[in-house]
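Next come the chains, spelled out residue by residue.
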Amino acid sequence: MVSITIDGKQIQVPEGTTVLRAAESADIKIPTLCDHPQLTPYGGCRLCLVEVEGARTLQPSCTLPVMPNMVVHTDTEKVTDARKFVLTLIFSERNHFCMYCQVSGGDCELQNAAYAEGMTHWPLQTNYSPFTVDASNPYFVIDNNRCILCRRCVRACAELVGNFTLGIEDRGANSVLVADLGNPIGESTCISCGTCVQVCPTGAIIDRQSAYNGREQDLTHIKSICTACSIGCGLNVLTRDNRVVRIDGDWDAQVNHGLLCAKGRFEPLVNDKERIATAMVRKGARMKAATTKEALNAAVNLIKAAEKDGAMVGAFITASASAEELHQFIQLFENVKNARYGTIGSIGYLQSMKTLALLAKIERESDLIRVTDSDCVLVIGADLILDHQVAGFMVKRNLPAGTKLILASNDDNQLAPFADAILDTKMGLVGALEDLVVVMAEKKTDLTSNAAKAAAYLKEAQSVGVIIGEIAVGSSTAKVLEAVTSLLDKLSSDGKTVKYITLKGQSNAYAAYLLGLDKPVDFHDLETVFVFQSEEILDQTFIQELETVPNLVVQSCYTNSLTAKAQVVFPSTIWAENQGSYINLEGKVQHSNQIIRPTESIPTLVETMQGLAKSLGSKVDSNWSDGLDRHKIVTVPKL
Amino acid sequence: MAKPKIASDWLAGCAGCHMSLLDIDERILQVLELADLRATPITDLKEPDESGVAVGILEGGINNSANEEVAHRMRSRCKVLVALGDCAVFGGIPAMRNFFTIEESLRRAYIETPSTDESGKIPSDPELAVPTKVRALNEVVDVDIFVPGCPPDADTIFYVLSELAQGRKPVLTDDKLQWH
């Protein structure tokens, strides 16, 4: 610990702490613009200058480490004069006229800093050089005229997301934010994760959806989770008048630490699909609008008729449904005669997680961040650019610091350009993995083959992280598992710290698996089928399987080819209108909160299932954790 | 003692700041008890007294030779000069045209606008003021008090006027300090 004095206050902080963080820990506020708690200090804006006794000049507190018995002053006239001067230079350099800026009035850190110094104007003449405005991205606009060159976006793009798209072109006052080598951002390597939008302190990067929709202080902030994949990223959702205005990553969330991909941040806000507003019941060739009660009666009659005739009933639910919904779905259909039920897309691949956990000597899966923070990361059968993108960010961002990435995948993997070694999968995934184990056992130092390169990286690494995608590919599943297992065992026996995690697919697929919905459903002879689809996009094969089913009951948010041929259709709430529990890929139980109220005529899946259960005389409850098969747990939390 | 005289005028602005001044409503009577409101765009007298005024208020930036003249005249005739509103303080909305050349701006305004027919032409007459780059008031004359805002809130204007009328220098902080 180091002892320093800031504004007369004695503070003890660990060695290596910056003066800025030390001041924060003692509730002394030093204004900054380029500093961001998630990013490495940069020292670019000079607003955080402080006076250090014995130092010749003012020092930037964000990059200055504490030294023993340092005496710092943050509010002397010299310091405040310097701050005003720094702000004057920033304001006069570009177009910082507040009256036509979207973030004015509380959301702009630059304006707030000027107000805090009591500035009524800036005394220097404004430089009226026009800079580029880049509106080529569908979700956000970059206006270099509002940019203060703090480089938060550049650092976020590199350090947090590992995408390295944003950079600064030219020097000094001519510096401009560019994507790649100066491409329009919409035609660049940008993946629209929007982290740059979230960290921008001014109106230089603004989100199209939320722009001019009110200041942050006037919006309602609700924390929730993303249900687009099994990572379950924490969200901070901003709403106004029962409408989602913006989605930010939650910096405090344990899972994603503020990161989001386009699927979580932007896509939910640009939905132009046709929403189903009321329940509908088929009358001959036409669908007629009905009350929820009428639709429930029609659906119950279909079940009763099927039970009477001894016909087969099928039921499918989205694996993105909450644990409460999955649990009540099971309770409802286990009491229906001749019913077969499961998830819409098969989650059978999750069974291999348990096999893997049993086969491998390492017992449980680890947390995502602990896997990605290894010296060498091996990604097997997953494309982290397409899916589970935030996991991809966590891998990619460590690469410049020397983490090696080894890829073993059957497909054209988009992670390939980032990989240090790509295993040759001409002989299949199994062959590639087996080959790697063999090469690792050999004492060759020849680095010509990819397997040899990978083996060398693995040999150098102290810790190895393994990310396993949907490895259950067809008949070779058992062999793939064996190959993965022998690789994991080989690594552990070589004395490496091995951490691994399997990607669980849809947001609540792991819960569905633990609740027993992982068995494949036989489509043969199904006559009455219930599909609790909600927002899930249906696979063509699933739609084809249901082609000849005479009685279809669908609960969906949007119209589609199934709702077009159904006998009964229920509208459904979207993620933001619903709430429930989710188990993420790490086994963490998280709650998705209701963010906006649905229209009164739109039920949640639970409400429909409860209505059906009531009419059928069966009991459903929301104690979903009672239904979990704890023997199947592969993650650390005990649930 | 005679009441201090206040004069105002508008330059390259939208008159919004003077509208906001009128928004002090009945409190203008309180101002009139303390001060003598002389030449303003909304009173009959159009030029500040040659004998001088205590407080001169200017709205708007300087965007032509006529504005320059008005600003210099006000500065020479007042003791305390107030820049009222964002255009006077920073250049404001009219200053957006500084990102283009004056020729481009004139061509856009008089020839290229959709409502202009083929006979569109840029006015040029020795009687007309010469357009210049748009400047904040303090780039042309010395300014004593800056009251930013687009427009400044009526409460802020009332505060500024009452302080000045009572011989004090207004200090804008918290709610009164708004740059938009």
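Residues numbered from 1 in each chain as written. Chains lettered and ligands numbered in written order. Predicted model: local features only at pLDDT ≥ 70, side-chain atom pairs only at ≥ 80, totals over all residues.

## Digging into the overall build of chain A
Along chain A, the regular secondary structure elements total 18 helices and 27 strands. Principal-axis analysis of the C-alpha atoms gives chain A an extent of 90 × 65 × 45 Å. When burial is assessed residue by residue, chain A has 50% of its 639 residues classed as buried. The contacts in chain A between residues at least 6 apart in sequence include a share of 68% that link residues at least 24 apart. (Helix = DSSP H or I, 4+ residues; strand = E, 2+ residues; numbered from the N terminus. Buried ≥ 20, exposed ≤ 12 C-beta atoms within 10 Å, placed from the backbone. Contact = placed C-beta atoms within 7 Å.)

## Some thoughts on the sheet that holds strand β15 (residues 286-290) of chain A
All names here are of chain A. Overall, mixed pairing links the seven strands, which are arranged β15-β14-β25-β24-β23-β16-β17 in an open sheet. Here the strands that pair on one side only, and so sit at the sheet edges, are β15 and β17 (339-343). Neighbour to neighbour, the strand axes of the sheet diverge by 15° on average, direction disregarded. The sheet strands contacting helix α8 (residues 323-334) are β16 (312-317), β17 and β23 (526-534), and the helix crosses β16 at an angle near 175°. (Pairing = 2+ DSSP bridges. Axes fitted to C-alpha atoms, helices over the stretch in contact; angles between N-to-C directions.)

## What about the domain arrangement of chain A?
All names here are of chain A. If you check the domain split of chain A, you get domain 1 (2-75), domain 2 (126-269), domain 3 (279-347 + 509-632) and domain 4 (351-502). A straight line from the C-alpha centre of domain 1 to that of domain 2 covers 28 Å. Counting residues at the interface gives nine residues for domain 1, matched by 13 residues for domain 2. Its residues assigned to classes, the side of domain 1 that touches domain 2 shows five nonpolar, four polar and no charged. (Domains from an automatic or database assignment. Nonpolar A, V, L, I, M, F, W, Y, C, P; charged D, E, K, R; others polar.)

## Structural notes on unusual backbone geometry
Cis geometry is found at the peptide bond from B:C150 to B:P151, where omega equals -10°. Take B:P151: it is sitting in the loop between β7 (145-147) and α6 (154-165). Of note, the phi angle at A:Y212 is positive, near 60°, even though the residue is not glycine. As for its placement among the helices and strands, A:Y212 is situated in the loop between β10 (205-207) and β11 (220-225). A:Y212 gets classed as exposed once you count the C-beta atoms within 10 Å, which come to 7.

## Some details on the packing of helix α12 (residues 428-441) of chain A against helix α13 (residues 450-460) of chain A
Residues and elements named next belong to chain A. The geometry of α12 relative to α13 is characterised by a closest axis approach of 9 Å and an angle of 60° between their N-to-C directions. Of the possible angle classes, the one that applies to α12 and α13 is oblique. Judged by the twist between their axes, the crossing of α12 over α13 is right-handed. Residues D435, L436, V439 and M440 of α12 form the contact with α13, whose participating residues are A451, A452, A454, A455 and L458. Residues that form the contact of α12 with α13 fall into these classes: eight nonpolar, no polar and one charged. (Parallel < 35°, antiparallel > 145°, perpendicular 65-115°, else oblique. Left-handed = near helix turned anticlockwise from the far one by under 90°.)

## Quick notes on the sheet that holds strand β1 (residues 2-6) of chain A
Residue and element names in this part refer to chain A. If you trace the five strands from one edge of the open sheet to the other, you get β2-β1-β5-β3-β4, paired in mixed fashion. The open sheet terminates on both sides in strands that have one partner only, identified here as β2 (9-13) and β4 (59-60). Pairing of β1 with strand β5 (residues 71-73), which is carried by two bridges, proceeds in the parallel orientation. Looking across to β5, one finds that T5 is bridged to V71. Contacts from helix α2 (residues 77-93) reach β3 (49-52) and β5, with the element oriented near 160° to β3.

## Details of the pairing of strand β24 (residues 551-556) of chain A
Residues and elements named next belong to chain A. Of all six residues that make up β24, six are buried, and the element is covered over most of its length. Burial along β24 is two-sided: N551, V553 and Q555 and L552, V554 and S556, pointing in opposite directions, are all buried. Taken together, β23, helix α16 (residues 540-545) and β24 form a β-α-β motif whose crossover is right-handed. Here β24 runs beside strand β25 (residues 568-571); their pairing, made up of four bridges, is parallel. (Right-handed = clockwise from strand over helix to strand, strands pointing away.)

## A few points about the environment of A:I6
Residue and element names in this part refer to chain A. Here I6 shows up in strand β1. C-alpha separation for the pair I6 and M70, spaced 64 residues apart in sequence, amounts to 8.2 Å. When neighbours within four sequence positions are excluded, I6 is seen to be in contact with I11, A22, A23, A26, I28, V72 and T74.

## Overview of the interface of chain A and chain B
Of the residues lining the interface, 15 residues belong to chain A; the matching set on chain B comes to 18 residues. Here the side of chain A that touches chain B is built from residues that sort into seven nonpolar, eight polar and no charged.

## Details of the environment of B:E26
Relative to the helices and strands, B:E26 is located in the loop between α1 (16-22) and α2 (27-34). Each C-alpha atom, one on B:E26 and one on B:E112, is 45 Å from the other, the two residues being 86 residues apart in sequence.

## Structural notes on α6(B)
Residue and element names in this part refer to chain B. Across its twelve residues, α6 extends 16 Å between first and last C-alpha, which sits within 8% of the 16 Å expected from 1.5 Å per residue. Looking only at α6, the buried set comprises T156, I157, V160, L161, L164 and A165. One side of α6 carries all its buried residues, which in axial view fall inside an arc of 160°. Where α6 is buried, its residues touch α1, α2, β3 (53-59), β5 (78-84) and β7. Downstream of α6 by a residue or two, G167 has a phi angle that is positive, lying close to 75°. (Expected span 1.5 Å × (residues − 1). Arc of directions from axis to C-beta.)

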